[in-house]
Amino acid sequence: MTHVTEDDLDDLEFDTLRTGDHASAARRLSELAASVSGGVSRANILLRAGEQWQHAGDHAKAAELYRQAIEDGGETYGDPRVYLADALFELGETDEARSLLDRISADRPRDPEVYRTVTEILYAHGDVSGAYEWATRGADVVLSVREQAPDEEGRVAEDSLEALLRLRYRARIDLGRPEDEYDAMLDDLLKQA
């Protein structure tokens, strides 16, 4: 069994950025997931392995690993279902991807990064209206968390706000909708930077 830390995974991914060999990184991460005994969860390693397969262009292998991460149920840095939906879109399995996003939406996630990631996926796949809706809901989650948790959780959520508002702005422009209070929030954030 192998003890794996976040630093170990970060080092592996950093080396992969340098070499561009995502398939080798995915295989190494898959091996680690099979032998992990402590530190980072197996699900987290599977999620990272899936991402590397996606970077390598093998969306079917990515989807397989995302499904394993979901089945494992361990702690991850994001919702593996979101990443699976992205792989499914890439594979042309649009109905299954949308069904998965509907289930995520029904769960009403409190993590703003889920909304940011879904927004980016939908925008990349041409669903500008869906991206606009997810970005709006994500911004609303951040505002809610900010009111309820002015501590560390609130600061983490706040970090997602600018990204969500920028994505929403882009989708709003594409949809030809008028400026609104979310655009004013983005302007205020940009003035503070």
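The structure reproduced in this document is the subject of the present report.

### Quick word on the packing of helix α2 (residues 22–35) against helix α3 (residues 42–56)
Part 1 of the argument: For the pair α2 and α3, interaxial distance at closest approach is 8 Å and the crossing angle is 165 degrees. Relative to α3, α2 is oriented roughly antiparallel. Where α2 crosses over α3, the two elements pack in a sense that is left-handed. Facing α2, whose interface residues are His-22, Ala-23, Ala-25, Ala-26, Arg-27, Leu-29, Ser-30, Leu-32 and Ala-33, α3 presents Arg-42, Ile-45, Leu-46, Arg-48, Ala-49, Gln-52, Trp-53, His-55 and Ala-56.

### Points about the packing of aromatic side chains
Part 1 of the argument: If you walk through the whole model with that rule in mind, you get 3 aromatic pairs.
Part 2 of the argument: Measuring from ring centre to ring centre gives 6.0 Å for Tyr-66 and Tyr-83, while their planes differ by 45 degrees; the resulting arrangement is tilted. In this pair, Tyr-66 sits in helix α4 (residues 59–72) while Tyr-83 sits in helix α5 (residues 80–90), placing the two residues 17 residues apart along the sequence.
Part 3 of the argument: Residue class for Tyr-66 comes out buried when judged on its relative accessible area of 0%.
Part 4 of the argument: Centre to centre, the rings of Tyr-115 and Trp-134 are 5.4 Å apart; their planes meet at 45 degrees, and the pair counts as tilted. You can see Tyr-115 sitting in helix α7 (residues 112–124) and its partner Trp-134 sitting in helix α8 (residues 128–148), a full 19 residues away along the chain.
Part 5 of the argument: Linked through ring pairs, Tyr-66, Tyr-77 and Tyr-83 together constitute an aromatic cluster.
Part 6 of the argument: Across the ring face of Trp-134, the terminal group of Arg-137 is positioned such that the distance to the ring centre comes to 4.4 Å.

### Some points on α2
Part 1 of the argument: In a regular helix each residue adds 1.5 Å, so 14 residues correspond to 20 Å; α2 covers 20 Å between its end C-alpha atoms and thus fits that length.
Part 2 of the argument: If you check which residues of α2 are buried, you get His-22, Ala-23, Ala-25, Ala-26, Leu-29, Leu-32 and Ala-33.

Conventions we followed
Residues numbered from 1 in each chain as written. Predicted model: local features only at pLDDT ≥ 70, side-chain atom pairs only at ≥ 80, totals over all residues. Heavy atoms only, no water. Axes fitted to C-alpha atoms, helices over the stretch in contact; angles between N-to-C directions. Helix = DSSP H or I, 4+ residues; strand = E, 2+ residues; numbered from the N terminus. Parallel < 35°, antiparallel > 145°, perpendicular 65-115°, else oblique. Left-handed = near helix turned anticlockwise from the far one by under 90°. Contact = heavy atoms within 4.5 Å. Phe/Tyr/Trp six-rings, centres within 6.5 Å; stacked < 30°, edge-to-face > 60°. Buried < 20%, exposed > 50% of the residue type's maximum accessible area, 1.4 Å probe, protein only. Lys NZ or Arg CZ within 6 Å of the ring centre and 35° of its normal. Expected span 1.5 Å × (residues − 1).

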